[in-house]
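Structural characterization, general
This is what each chain is made of:
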Amino acid sequence: MREFFVKKSILPGFSLSLGFTIFYLSLFVLIPLSMIFLKTSTLTFQQFIQVITAERTLAAYRLSFGTAFVSAGINAVFGLIVAWVLVRYTFPGKRIVDAMVDFPLALPTAVAGIALTELYVPTGWLGQYLQMAGIKGAFSPVGITIALTFIGLPFVVRTVQPVLEDLDPQIEEAAASLGANRWQTVTMVILPVIFPALLTGVTLAFARAIGEYGSVIFIAGNMPMKTEIAPLLIMTKLEQYDYPGATAIAVGMLLISFVLLAAANFFQWLTSKNLGKV
Amino acid sequence: MSQLNARTEPRFVRYFLITIALAFFALFLVLPLVCVFHNALSKGWVVYFDALKHPDAIAAMRMTLMTALVVVPMNLVFGVAAAWAISKFDFRGKGLLLSLIDLPLSVSPVIAGLIFILLFGAQGFLGPWLIAHNIRIVFAWPAIVLATLFVTVPMVARELIPIMKSQGTEEEEAALTLGASAWKTFWLVSVPNLRWGILYGVILCNARAMGEFGAVSVVSGHIRGLTNTMPLHVEILYNEYQSAAAFAVASLLAMLAIVTLIAKSIVEAHIRQGQK
């Protein structure tokens, strides 16, 4: 029975370490998380549908997904350029730029939130220029998108960067010696190989952006139906002691995150297949 | 076409791409950081230090430290155990276990807070029992710890698993064959090999634990001087239009982020060296 489950090894501690891991995960992650589904099951299916298709909920979902999508798109372009520049070129300050890419992950989200808000209010350093261009920065979907772009950048750069580093130089040399010009080599040889990694990174950034709270609520303005993101709506329902309502919205978000996670895993698998690691 | 430029672009393309990357970098990463310190000092050093010395700020710092002091060691033990099981053994369901460990990363922080309200809140699953026994979890320190713990569970494990995997099992096997006991092998062979990875995971876990906002915001109750952490204190000050004070406290958290990044690049350099 044991041999069926685990390959034989002379190393000790398998049962202890695996047992502890599963116990810890169950106690602090899985059991608490299952409360969401337990609580939702107290709603009838109709009530559940009613909550998640209410006008205000739909508006919040639409805003969260829309801004997350746009910011993921922005990061796809600029994250790829940043990763490319960091792997392929040398320039002064490169190591600092490389280290700073993780800044959005290290900086507490509330700090990012108030800093971005100060920058993009109409009197702010950057907000005044947006104002001149007739764009409302803070307290609008534009501001939300900016915050989500900040949060998502490391996910794209850090998934694309190692794949670019691992790329076999020979395939580019082969393409060049077969007469491809540089543009053809980049778009027809390199991009297809790193594309799944780019998709993984963008999906991770998108998933993070949907659930993001701290960096967004300051810059969003939080007007119901207009600039109220889905996580904030959960918060609002909680403050009104509408636990079933909050939970129903959370279930909707969770299910979508799981689908996205599965997609990211699939793209990851494609990447390693492309690199010949499977 | 010469061999040399088979793998690079014309100079103007290079400069163009570097300029775009640096502009994006300055706009999205550097400016927010400068903005924090600029605003923190906008009313001078006296206001800055007064904001940091305020009793509520001190209480918030204590709360944040106390939480990290419990959460980080717990997740360290979990991370080592999980990495040991996953990277030293081949067993069925490993992929599933890996996904479960990463699960908290894809859950919105607000939902991470919500689940503990559903579990321990007055209307929650265990709420009536807790009230009957006069145990406070929600809107108090225990819930802050639980929510932070949930959010940071994967932080150490994620860093240790790839490092342990790349080290293989040969050194431990040699020690065991030569007659060392299991614990001796673990403490004298595995742990020293892992020291940089452990440090790395602890740094990242600590940064996330001290900075967590959404999950903690749901469960803390925002009781000033009692259940506020530093990020929550920043929020309150900012919403009360005490911008300079808010940014003063925020600047401490920004410094924590910078120290984290510096430590991270030092440790990464060591890990890379170790692998060569």
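Bear in mind that the values here come from a model prediction, so they are computed numbers and not experimental data. (Residues numbered from 1 in each chain as written. Chains lettered and ligands numbered in written order. Predicted model: local features only at pLDDT ≥ 70, side-chain atom pairs only at ≥ 80, totals over all residues. Heavy atoms only, no water.)

Brief notes about the overall build of chain A
For chain A, the count of helices and strands is 14 helices and zero strands. The linear arrangement of helices and strands in chain A, starting from the amino end, is α-α-α-α-α-α-α-α-α-α-α-α-α-α. Projected onto the principal axes, the alpha-carbon positions of chain A cover approximately 70 × 65 × 35 Å. Looking at chain A as a whole, 55% of its 278 residues are labelled buried. Summed over all atoms, the accessible surface of chain A reaches about 12400 Å², with 68% contributed by carbon and sulfur. (Helix = DSSP H or I, 4+ residues; strand = E, 2+ residues; numbered from the N terminus. Buried < 20%, exposed > 50% of the residue type's maximum accessible area, 1.4 Å probe, protein only. Areas by Shrake-Rupley, 256 points an atom, 1.4 Å probe, with all protein chains shown as cover.)

So, the domain arrangement of chain B
All names here are of chain B. Under the domain assignment used here, chain B contains domain 1 (1–40) and domain 2 (44–275). Between the C-alpha centres of domain 1 and domain 2 the distance comes to 32 Å. Contacts between the two partners involve six residues from domain 1, matched on the other side by nine residues from domain 2. Of the roughly 600 Å² buried between domain 1 and domain 2 on both sides combined, carbon and sulfur atoms contribute 81%. Across the domain 1-domain 2 interface, the total number found is zero salt bridges. Along the contact surface separating domain 1 from domain 2 lie zero residue pairs in polar contact (both at pLDDT 80 or more). (Domains from an automatic or database assignment. Contact = heavy atoms within 4.5 Å. Buried area = accessible area lost by both parts, 1.4 Å probe. Salt bridge = Lys/Arg side-chain N within 4 Å of Asp/Glu carboxyl O. Polar contact = N/O pair within 3.5 Å; in protein donor to acceptor, adjacent residues only side chain to side chain.)

Quick word on the interface of chain A and chain B
Residue-level contacts link 92 residues of chain A with 92 residues of chain B. Both faces combined, the contact of chain A with chain B buries some 8300 Å², and carbon together with sulfur accounts for 80% of it. On inspection of chain A and its partner chain B, the count reaches two salt bridges. Salt-bridge contacts for Glu9(B) lead to Arg182(A); the nearest nitrogen and oxygen are separated by 2.8 Å. Counting across the interface, chain A meets chain B through nine residue pairs in polar contact (both at pLDDT 80 or more). No other element matches the 18 residues that helix H2 (residues 14–40) of chain A contributes to the side of chain A that touches chain B.

Considerations on helix H8 (residues 154–167) of chain B
Residue and element names in this part refer to chain B. In a regular helix each residue adds 1.5 Å, so 14 residues correspond to 20 Å; H8 covers 20 Å between its end C-alpha atoms and thus fits that length. Taken as a whole, H8 has its buried residues at Pro154, Met155, Val156, Ala157, Glu159, Leu160, Ile161, Ile163 and Met164. At the exit of H8 stands Gly168, carrying a positive phi of roughly 70°. (Expected span 1.5 Å × (residues − 1).)

Some thoughts on the environment of Phe78(B)
Tracing the backbone through its elements, the reader meets Phe78(B) in helix H3 (residues 55–88). Sequence separation between Phe78(B) and Ala209(B) is 131 residues; the distance between their C-alpha atoms is 15 Å. Non-local contacts of Phe78(B), meaning those with residues more than four positions away in its chain, are made with Phe20(A), Thr21(A), Tyr24(A), Leu25(A), Ile101(B), Val153(B) and Ala157(B).

Re the packing of aromatic side chains
Under the defined criterion, the tally for this structure stands at 26 aromatic pairs over all chains. Ring geometry for Phe218(A) versus Tyr238(B): centroids 5.7 Å apart, planes at 90°, classification edge-to-face. With Phe218(A) in helix H12 (residues 214–220) and Tyr238(B) in helix H12 (residues 230–239), the pair connects residues from two separate chains. Each member of the aromatic cluster is reached from another via a ring pair, and the members are Tyr213(A), Phe218(A), Phe213(B), Tyr238(B) and Phe247(B). (Phe/Tyr/Trp six-rings, centres within 6.5 Å; stacked < 30°, edge-to-face > 60°.)

Looking at the packing of helix H7 (residues 109–120) of chain A against helix H9 (residues 141–166) of chain A
Residues and elements named next belong to chain A. Put simply, H7 and H9 touch, their axes get as near as 10 Å, and they point 135° apart. As judged from the angle between their axes, H7 and H9 are oblique. Along this stretch, H7 crosses H9, giving a crossing that reads as right-handed. When H7 is examined against H9, the residues Thr109, Ala112, Leu116 and Tyr120 are found in contact with a partner set consisting of Ile146, Ala147, Phe150 and Ile151. For the contact of H7 with H9, a count of residues per class yields seven nonpolar, one polar and no charged. (Axes fitted to C-alpha atoms, helices over the stretch in contact; angles between N-to-C directions. Parallel < 35°, antiparallel > 145°, perpendicular 65-115°, else oblique. Left-handed = near helix turned anticlockwise from the far one by under 90°. Nonpolar A, V, L, I, M, F, W, Y, C, P; charged D, E, K, R; others polar.)

Comments concerning the side chain of Thr200(A)
Residues and elements named next belong to chain A. For Thr200, the location among the structural elements is in helix H11 (residues 182–211). Residue class for Thr200 comes out buried when judged on its relative accessible area of 1%. In this structure, Thr200 is in contact with Thr159, Ala264, Phe267, Gln268 and Thr271, ignoring residues within four places of it in sequence.

Section: the environment of Ile190(A)
Residue and element names in this part refer to chain A. As for its placement among the helices and strands, Ile190 is situated in helix H11. Among the residues examined, Ile190 registers a relative accessible area of 0% and is labelled buried. Along the primary structure Ile190 and Asp168 are separated by 22 residues, whereas in three dimensions their C-alpha atoms are 9.9 Å apart.

Notes on the confidence of the model for chain B
The share of residues in chain B with pLDDT of 70 or more is 96%, and the mean pLDDT across the chain is 90. Predicted complex metrics record ipTM = 0.89 and pTM = 0.91. (pLDDT = per-residue confidence, 0-100.)

Concerning a nonpolar patch on the surface
A surface patch of nonpolar side chains, amounting to about 540 Å² of accessible area, comprises Leu16(A), Trp183(B), Trp187(B) and Leu188(B). Broken down by element, the nonpolar patch gets its largest block of residues, three residues, from helix H10 (residues 182–211) of chain B. (Patch = residues over 30% accessible without salt bridge, like charges linked within 9 Å, V, L, I, M, F, W, Y side chains within 5 Å.)

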